[in-house]
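Here is how the chains run, residue by residue.
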Amino acid sequence: MLATRDLLLQHEEKAGRELLGRLDLENEAYLYTAALTELKIESQVKSRNDGITLRSMTSALQRDTDAVSQRMNEDVQQLRSDIQLDMNNRKEESAMDLKDLEMKIMDLNSKFTVTLGDVRTEVEATKWISTRRVMLAVVGVSFCPIRAPSTCASSFQTRRKTSSCGLPSDALTQASTYFKTLLEGDWEEFKAKMCSKRPKVEVSRPAATGLAGDHHDFDDSDCEADELYTNNLSKLHEDNEGYYKEVRVTSSRYSTYRALLVWIYTGHITFAPLSTSFPRSRADAEDASTTKVSRKVGLSQSISEEPLLPIPVSPKSIYRLAHLVDLPALAQLALNAIKSFITVDNAAQELFGDVSALYPDFSTSLPADIAYRYTPLPTRSVLTLTGNDTTKFLQGLVSNDVRKLSDEERMIYAGVMKADGRMLYDIFISKPPSEGETAVPTLKVDHPAEHSEAIRKYFKRHILRSKVKLVKVPAEGEEDETVFAAWRTEDEATAEELQAAERWLSQSGAGRDTRNGGDELGWRWSAKQSETTPPSELFEQVTPAHHHLLRLQHAIPEGPDDWFQLPLEGNLDIMGGVDYKKGCYVGQELTARTHHKGVVRKRGVVLRLFREGEEVPTSPIPSFGPQQPYPDLFPLPPPHSSLTPLYSSLARPRPSGKIGSSLPLINRAGSSSTLAFGSVRLEHIGDAENDMEGVFVVKVEVEEGGEVGDGKGESEEEGGRWLAKAFVPEWVGRKLQELEEAKNR
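Residues numbered from 1 in each chain as written. Predicted model: local features only at pLDDT ≥ 70, side-chain atom pairs only at ≥ 80, totals over all residues. Heavy atoms only, no water.

Visitor: Teacher, can you tell me more about the overall build of the chain here?
Guide: A count of helical and extended segments in the chain gives 19 helices and 24 strands. Taking all contacts inside the chain whose residues are at least 6 apart in sequence as the whole, residues at least 24 apart take part in 76%. (Helix = DSSP H or I, 4+ residues; strand = E, 2+ residues; numbered from the N terminus. Contact = heavy atoms within 4.5 Å.)

Visitor: I would appreciate a short explanation of a negative patch on the surface in the present structure.
Guide: On the surface, E93, D97, D100 and E701 cluster together into a patch of negative charge. Looking at which element gives the most residues to the negative patch, the answer is helix 2 (residues 22–135), with three residues. (Patch = residues over 30% accessible without salt bridge, like charges linked within 9 Å, V, L, I, M, F, W, Y side chains within 5 Å. Areas by Shrake-Rupley, 256 points an atom, 1.4 Å probe, with all protein chains shown as cover. Salt bridge = Lys/Arg side-chain N within 4 Å of Asp/Glu carboxyl O. Lys, Arg positive; Asp, Glu negative; His and termini not counted. Charge placed at Lys NZ, Arg CZ, Asp CG, Glu CD.)

Visitor: Would you take a moment to explain helix 1 (residues 2–18) for this structure?
Guide: Every α-helix carries 3.6 residues per turn, so stepping three or four residues along brings you back to the same face. Here helix 1 spans 24 Å end to end across 17 residues, near enough to the 24 Å set by a 1.5 Å rise per residue. Of all 17 residues making up helix 1, only zero are buried, and the element is barely covered by its neighbours. (Expected span 1.5 Å × (residues − 1). Buried < 20%, exposed > 50% of the residue type's maximum accessible area, 1.4 Å probe, protein only.)

Visitor: For this particular structure, what's the right way to read the environment of Q565?
Guide: Residue position: Q565 is located in the loop between helix 17 (544–553) and helix 18 (588–597). What makes Q565 partly exposed here is its relative accessible area of 48%. Each C-alpha atom of the pair Q565 and M423 lies 5.4 Å from the other, and the pair is 142 residues apart in sequence. At a separation of 3.1 Å, a polar atom in the side chain of Q565 contacts the side chain of R422. (Polar contact = N/O pair within 3.5 Å; in protein donor to acceptor, adjacent residues only side chain to side chain.)

Visitor: What is the right way to read the packing of aromatic side chains from this model?
Guide: A ring pair, where both rings are aromatic, is described by two values, the distance of the centres and the angle of the planes. Across all of its chains, the model carries eight aromatic pairs by this definition. Plain terms: the ring middles of Y374 and F539 are 6.2 Å apart, the flat faces sit at 80° to each other, and that makes the pair edge-to-face. With Y374 in strand 7 (residues 372–376) and F539 in strand 16 (residues 539–541), this residue pair connects regions lying 165 residues apart in the sequence. When its relative accessible area of 10% is taken as the criterion, Y374 is described as buried. Aromatic side chains F393 and F459 sit 5.8 Å apart centroid to centroid with 75° between the ring planes, which places their arrangement in the edge-to-face category. With a gap of 66 residues between them, F393 in helix 14 (residues 390–395) and F459 in helix 15 (residues 452–463) connect regions that are remote in the sequence. (Phe/Tyr/Trp six-rings, centres within 6.5 Å; stacked < 30°, edge-to-face > 60°.)

Visitor: What is the right way to read the pattern of salt bridges from this model?
Guide: Side-chain pairing between opposite charges can occur once the charged atoms of the two side chains come close. The full count for this structure, using the stated rule, is 19 salt bridges. In this structure, the salt-bridge partner of R373 is E540, at a minimum N-O distance of 3.6 Å. Taken together, the residues R373 in strand 7 and E540 in strand 16 connect sequence positions 167 residues apart. Where salt bridges share partners, they join R380, D426, D446, D513, R515, R524 and E558 into one cluster.

Visitor: Is there a simple way to think about helix 19 (residues 730–744) in this case?
Guide: If you check helix 19, its first and last C-alpha atoms are 21 Å apart, about what 15 residues at 1.5 Å a residue would give, namely 21 Å. Along helix 19, the residues classified as buried are W731, V732 and L736. Buried residues of helix 19, viewed axially, fall in a sector of 135°; they line one side. Opposite its buried face, helix 19 presents the exposed residues E730 and N744, each directed more than 90 degrees away. Buried positions along helix 19 lie against strand 17 (602–611). (Arc of directions from axis to C-beta.)

Visitor: Help me understand the sheet that holds strand 15 (residues 523–528) in this model?
Guide: Adjacent strands of a sheet form backbone hydrogen bonds with each other and so pair up, either parallel or antiparallel. Strand order across the open sheet formed by five strands is 14-15-13-7-16, with mixed pairing between neighbours. Two strands lie at the open edges of the sheet, namely strand 14 (511–512) and strand 16, each paired on one side alone. Relative to strand 15, strand 14 is paired through two bridges, and the arrangement is antiparallel. Paired with G511 across the bridge in strand 15 is R524. Along the sheet, helix 16 (residues 495–507) makes contact with strand 7, strand 13 (481–488), strand 14, strand 15 and strand 16, crossing strand 15 at roughly 50°. (Pairing = 2+ DSSP bridges. Axes fitted to C-alpha atoms, helices over the stretch in contact; angles between N-to-C directions.)

Visitor: Can you walk me through the side chain of T489 in this structure?
Guide: Structurally, the position occupied by T489 is in the loop between strand 13 and helix 16. Owing to a relative accessible area of 8%, T489 belongs among the buried residues under this scheme. Dropping the residues within four chain positions of it, T489 is found in contact with I370, A371, Y372 and R373.

Visitor: For this particular structure, what's the right way to read the packing of helix 6 (residues 254–266) against helix 9 (residues 315–324)?
Guide: At a minimum axis separation of 10 Å, helix 6 and helix 9 run at an interaxial angle of 65°. One element, helix 6, and the other, helix 9, form an angle in the roughly perpendicular class. The crossing of helix 6 and helix 9 is right-handed. Seen from helix 6, the contacting residues are T256, Y257, A259 and L260; seen from helix 9, they are S317, I318 and L321. (Parallel < 35°, antiparallel > 145°, perpendicular 65-115°, else oblique. Left-handed = near helix turned anticlockwise from the far one by under 90°.)

Visitor: So what exactly am I meant to see when it comes to the confidence of the model for the chain here?
Guide: In regions of low pLDDT, the predicted coordinates are not meant to be interpreted in detail. Mean pLDDT for the chain: 76, with 70% of residues reaching 70 or above. Below a pLDDT of 50 lies the segment residues 187–217, which in the model reaches 83 contacts outside its immediate sequence neighbourhood of four places, other chains included. Long-range and interchain partners of residues 281–293, a stretch whose pLDDT sits below 50, account for 18 contacts in this model, where long-range means more than four residues apart. (pLDDT = per-residue confidence, 0-100.)

Visitor: What is the right way to read the pairing of strand 10 (residues 423–430) from this model?
Guide: Summarising burial for strand 10: seven of the eight residues are buried, a large majority. Looking at chain direction, strand 9 (residues 411–417) and strand 10 are connected through seven bridges and run antiparallel. Bridging from a neighbouring strand, A414 pairs with I427 of strand 10. Linking strand 9 to strand 10, which pair antiparallel, is a turn of five residues; within it G421 sits at a positive phi near 90°. Where strand 10 lies against strand 11 (residues 442–448), three bridges are found, and the strand directions are antiparallel. Opposite I429, over in strand 11, you have V445 as the bridge partner.

Visitor: Just to check I follow, could you spell out the nonpolar core for this structure?
Guide: When a protein is soluble and globular, its nonpolar side chains tend to lie buried together. In this structure, F179, L260, I269, I318, L327 and L330 are the most contacted members of the largest nonpolar core, which totals 28 residues. No other element matches helix 10 (residues 328–341), which puts seven residues into this core. Listed in part, the 23 residues of the second largest apolar core include Y413, M417, A485 and L572. (Core = buried A, V, L, I, M, F, W, Y, C linked by side-chain atoms within 4.5 Å.)

Visitor: Would you mind going over the sheet that holds strand 8 (residues 380–386) with me for this structure?
Guide: Here five strands make up an open sheet; going across it, the order is 9-10-11-8-12 and the pairing antiparallel. With partners counted over all chains shown, the strands left at the sheet margins are strand 9 and strand 12 (469–470), one partner each. Strand contacts of helix 15: strand 8, strand 9, strand 10, strand 11 and strand 12, with the helix running at about 20° to strand 8, the strand carrying the most contacts.

Next up, the structure:
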């Protein structure tokens, strides 16, 4: 029992040690519940924190993704822009290459034209030799007596073959009833000659005696031509056989009659300048910018240069002789030649001269004072834009403010540039006369004709959604609009005539061309040529070369030949073609930066071209007599040839600029000169006191790279180079001075 009791006590003690009580159990349950609650709270907090962290990481990842996507889009856009720019550059390079190719083709064409001209000259010379052989069967040579200018005459023979030896006189009898009566009649003066070998006729220096009929000679008859003819051609021979009749002619000079016969047989005649076209006094000769101070000198040079061609003859003598032998066509040719030689200096003398006294029709045919000259400009074309957004569209593409256009200011001058500020085209934008408030806005763009297709594509590329339409190109056979230019003449027209001419121009929609800051360049307008007929009593039509001469005199560039790269180097700003307050346009950044920095090293100037070894010109245009343009007189350096200073401290001086278009000129005396437009560094021109400053060597670019110093069609021998003397026009100097003063303010 005791053992059992002890065992129970042990178990009780053990159960008391190992088993929990109620309180302990409740405490443990409480502690467990508290621990569980704390664990739950920690789990919730941790879950919340993890969610916040995850969302933050997700947002950061999304931002990174958006940034990467944005950068990718920007890179793609930049790549697209670079590709487009590269394509545009390649297109421009291709266009430039095509232009260079066209220039080379034009160069080859010019060389071909020169060669063809030489061949034609040789053909004409051969033709003249053959004609002379025929003429020697018709014309017999006798002596040319010389006395005073008013009493000189000649005696020579006209021979006619009969049918047994041919009929060269048929052309004479068909040309005039005078010759038909003279050659087919049986007059006492005719001496029948047998068909035989005709002897040589010696031609010696004429004796100083006169013959009958010399009272009809004019003050500039062909006495000098006869003397030069006999001096240069010492012997004439005739080797024709046949029957002929001999007629002695005493009422005309030998050279005059000979030129008339040559014209009948060949249609060729050359007129010498009037004697009144040359200075009459020593003082006049000293003031002249030419060494040709007499008509005889000019005739002598003409004979020495072309000994096989007919000698130039007096148009007055031909005019008189054409009336005597009844050849109205030849008389009109002579009259036109006389009118072309009449100037302000000799008009009064010619009006009251011998010809005017003998032939009243001559005085009534003299040119009257004309208010304006005008000409079509085939190198320009017109592109018409219509639509409500026309002004806004052009405002973002051109350098001038299109909003200036109004009924009062109908035309503005501007430039179209590349995105990098390089010059593309020079244009005029004009506003046609208003047709009412409901009319669709219309603007006309006067641009270089050779780039019509390129500028049309350029505008089409920028239209996008703008409400602008380009008028279609006229179909084949339809007449397109032509650009015209009109400017004041040097004639002393009355104020009423000037007002009437300007009223007609205004009614025709013309606008003033004020590129040189004045009114010297006149007016421009565009219209269909068949619908434009200026009054002949107010306007005289001339050739486009006369307008080219007008531009070159004032250093006004026009067309691709005169524009190089930077627009300000061609005077676009001082010609009123840039508005720095209008806002953005294509190419505005470089143009505005160049203007505000004030760094424009080159400017457009007038260039006078001359040959190495000739005297350096002291003025752009010779002061002796009016100058007439003669575009194809001789080959000239091509446009964009470089200009390198003739005198420089550097061993190999760098080019100072480039030459643009050029134009040969010729005066009444036959002296020639050449004007050109160019852009050169102003510091290389120097002052006007030193003639040797501002002289440049014209160097033509070659395909292999580098330059040569000779002009187109010239050799590289010493003295064969083209040189250019630069002159700054007065209006350019004035505008540059105004820019300098505005910069210093």
